[in-house]
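Each chain, written out:
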Amino acid sequence: MIRRNPRRRRTLLASAVLAVATLFAGVAPAVQAAPEGRADVFIRDNTSDVGFEPSSGSLYSSPDIRVCNSPGPVCPADQPVVQGSTAYINVFLNNPGPYGDALEKGTLQLYYTKQGTVAQWPSQWNYIGSATDVSVPYGVKRVVIPWKVPFGSHFCLLARWLSPTDLPTEGPSTSANTRNNNNIAWHNVNVIPFKIKIPQLRPIVFGWDGPDPTTVGDLVFTQPGRPFTGPGRITIDLGPDLAARWRAGGAKGEGIERVGETELAIVNPQRARIGGLTFKAGEQVDARLSFTAGAEAEGGQYTVHVTQVDQRGAEVGGVEYRLDGERQ
């Protein structure tokens, strides 16, 4: 439901009450009043998200979705999943009111797809499961759905909250659906435990999920906080198809270094870009990332974002890699 009515602005009273409620719940407050005295449950796209539509900021690493290896208390951060095991997907639903007795009921659905920057809705998403007849009172509600992890261990997740009074408006683009609907959230996070000098390989797909038949975009690498490049090394093997497209587009880029026929190294830890790539709507092109830690990386924790942007620089999608070093 898109908020265009100025009466839908949150009030100071609703914000203060919800902040207190969520403080005691141990969850960051989500403070947006619903219109016309009715609840409007949402799932955050990022830590700054308060439920407005369209949302702003990053889309692909929702803090309200967390993957744990046990059904008990929520884990402090995402945990790696193992093929054939049962993972427990925690989703936090935010009900900002505006009144303390506001209640919304609905169904929470979960889906997964291959790890990458794009996936068309719904054809490239796979159903995990649902929690039905869920009541979300004022504040924050945690819902846990078990998932038998299929072949592989690198996936992105999509959560959809459906209630009779707030059904999403959706098209083929996952990024557009996520940005324009506050009850859809995307969680594309890969946890990578690493050991010194042992390359950690991760598959990734790039493509295009928009309505236009083709698009030209860039792949952008950023490393907030302490950079992994330096203590470690990041390379991407584009594969023959994507490498040919890159050369045909003029081999554009910055902060990168060619180290093989199809392989590039990320040499600028602040920002690196592989530019001028052409994609057709609906396709997903395989590539592979490699993270290799040097001795200086021992015991460290790092974050690497791989984001695909369009010709205007708008975010299409991305993956957040969380690298966690083991002490030798």
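Scroll up for the structure.
Fair warning: this is a prediction, and the values are worked out from it, not measured in the lab.

K.L.:
Just to check I follow, could you spell out the pattern of salt bridges for this structure?
P.N.:
A side chain with one charge can pair with a side chain of the opposite charge if their charged atoms come near. If you walk through the whole model with that rule in mind, you get eleven salt bridges. A salt bridge links Glu261 to Arg258, with the shortest nitrogen-to-oxygen separation between them at 3.9 Å. For Glu261, a relative accessible area of 55% puts it in the exposed group. In this structure, the salt-bridge partner of Arg322 is Glu320, at a minimum N-O distance of 2.6 Å. A cluster of three or more residues bridged by salt bridges with shared partners is formed by Asp78, Glu320 and Arg322.

K.L.:
Would you take a moment to explain the sheet that holds strand β1 (residues 65-68) for this structure?
P.N.:
Consider a sheet: its strands pair through backbone hydrogen bonds, and that pairing is either parallel or antiparallel. The three strands lie next to each other as β1-β2-β5, forming an open sheet whose pairing is antiparallel. In the strand order of this sheet, the two ends are held by β1 and β5 (139-148), each with one partner. Between one strand axis and the next, the sheet turns through 25° on average, direction left out of account. Across four bridges, the pairing between β1 and strand β2 (residues 86-95) is antiparallel. Bridging from a neighbouring strand, Ile65 pairs with Val91 of β2.

K.L.:
I keep staring at the sheet that holds strand β13 (residues 256-258) and nothing clicks. Help me out?
P.N.:
What the five strands build is an open sheet, ordered β9-β16-β11-β14-β13; its pairing is antiparallel. The open sheet is flanked by β9 (200-207) and β13, the only strands paired with a single partner. The average angle at which neighbouring strand axes cross in this sheet is 30°, direction not considered. Looking at chain direction, strand β11 (residues 232-237) and strand β14 (residues 263-266) are connected through four bridges and run antiparallel. What sits directly across from Asp237, in β14, is Glu263. Against the sheet, helix α3 (residues 239-248) makes contact with β9, β11, β13, β14 and β16 (284-293), and its axis sits at roughly 95° relative to β16, the strand it touches most.

K.L.:
Sorry, what's going on with the state of the cysteines here?
P.N.:
Two cysteines form a disulfide when their sulfur atoms are joined by a covalent bond. Inspection of the entire model under this criterion finds one disulfide. With a sulfur-sulfur separation of 2.0 Å, Cys68 is cross-linked through a disulfide to Cys75. Since a negative S-S torsion denotes a left-handed disulfide, the Cys68-Cys75 link at about -85° is left-handed. One exposure class covers both Cys68 and Cys75, and it is buried.

K.L.:
When you look at the packing of aromatic side chains in this model, what are you seeing that I'm missing?
P.N.:
When we look at a pair of aromatic rings, we describe it by the centre distance and by the angle of the planes. Under the criterion given, the structure shown has ten aromatic pairs. Centre to centre, the rings of Tyr112 and Phe155 are 5.4 Å apart; their planes meet at 85°, and the pair counts as edge-to-face. Placement of Tyr112 in strand β3 (residues 103-114) and of Phe155 in strand β6 (residues 155-162) is noted, with a sequence separation of 43 residues between them. You can call Tyr112 buried: its relative accessible area is 17%.

K.L.:
Help me understand the side chain of Gln308, please; the structure alone is not making it clear to me.
P.N.:
One can find Gln308 in strand β17 (residues 301-309). Within the local environment of Gln308, its side chain forms a polar contact with the side chain of Thr117, the two groups lying 2.6 Å apart. A distance of 2.6 Å separates the side chain of Gln308 from the backbone oxygen of Gly207, its partner in a polar contact. Look past the residues within four positions of Gln308 in its chain and what remains in contact with it is Thr117, Val118, Phe206, Gly207, Asp218, Leu219, Phe279, Ala314, Glu315, Val316 and Gly317.

K.L.:
Honestly, α3 in this entry has me stumped. Any pointers?
P.N.:
Helical geometry: 3.6 residues make up each α-helical turn, so side chains three or four residues apart lie on a common side. The complete set of buried residues in α3 reads Gly239, Leu242, Ala243, Arg245 and Trp246. For α3, the angular spread of buried residues about the axis comes to 155°, placing them on one side. Projecting away from the buried face of α3 at angles above 90 degrees are the exposed residues Pro240 and Ala248. Positioned one or two residues after α3, Gly250 has a phi angle of 100°, which is positive.

Scoring rules and cut-offs
- Along each chain, the written sequence defines residue order, and numbers are assigned to residues from 1.
- Confidence filtering applies because this is a predicted model: local features only for residues at pLDDT of at least 70, side-chain atom pairs given and counted only at 80 or more, and all residues used for totals across whole chains, interfaces and linings.
- In computing side-chain values, all of the structure's heavy atoms are included and hydrogens and water are not.
- Only one rule defines a salt bridge in this text: a Lys or Arg side-chain nitrogen within 4 Å of an Asp or Glu carboxyl oxygen.
- A simple rule labels every residue: compare its accessible area, found with a 1.4 Å probe on the protein chains alone, to the largest value its type can have, and call it buried under 20%, exposed over 50%, or partly exposed in between.
- Strands are labelled as partners when DSSP assigns at least two bridges between them.
- Put simply, DSSP H or I for four residues or longer makes a helix, DSSP E for two residues or longer makes a strand, and each gets a number counted from the N terminus.
- Lines fitted to the C-alpha atoms define the axes, with helices restricted to the stretch that makes contact. Angles between their N-to-C directions range from 0 to 180 degrees.
- Here a residue-residue contact requires only that any non-hydrogen atoms of the pair lie within 4.5 Å.
- By convention in this document, the label disulfide applies to cysteine sulfur atom pairs within 2.5 Å.
- Between rings of Phe, Tyr and Trp, where Trp is taken as its six-membered ring, a pair exists when centres lie within 6.5 Å; planes separated by under 30 degrees are stacked, by over 60 edge-to-face, and by other angles tilted.
- Under the rule applied, a polar contact is a pair of N or O atoms within 3.5 Å (in protein, one hydrogen donor and one hydrogen acceptor; residues adjacent in sequence only if both atoms are side-chain atoms).
- The reported arc concerns the directions from the helix axis to the C-beta atoms and nothing else.

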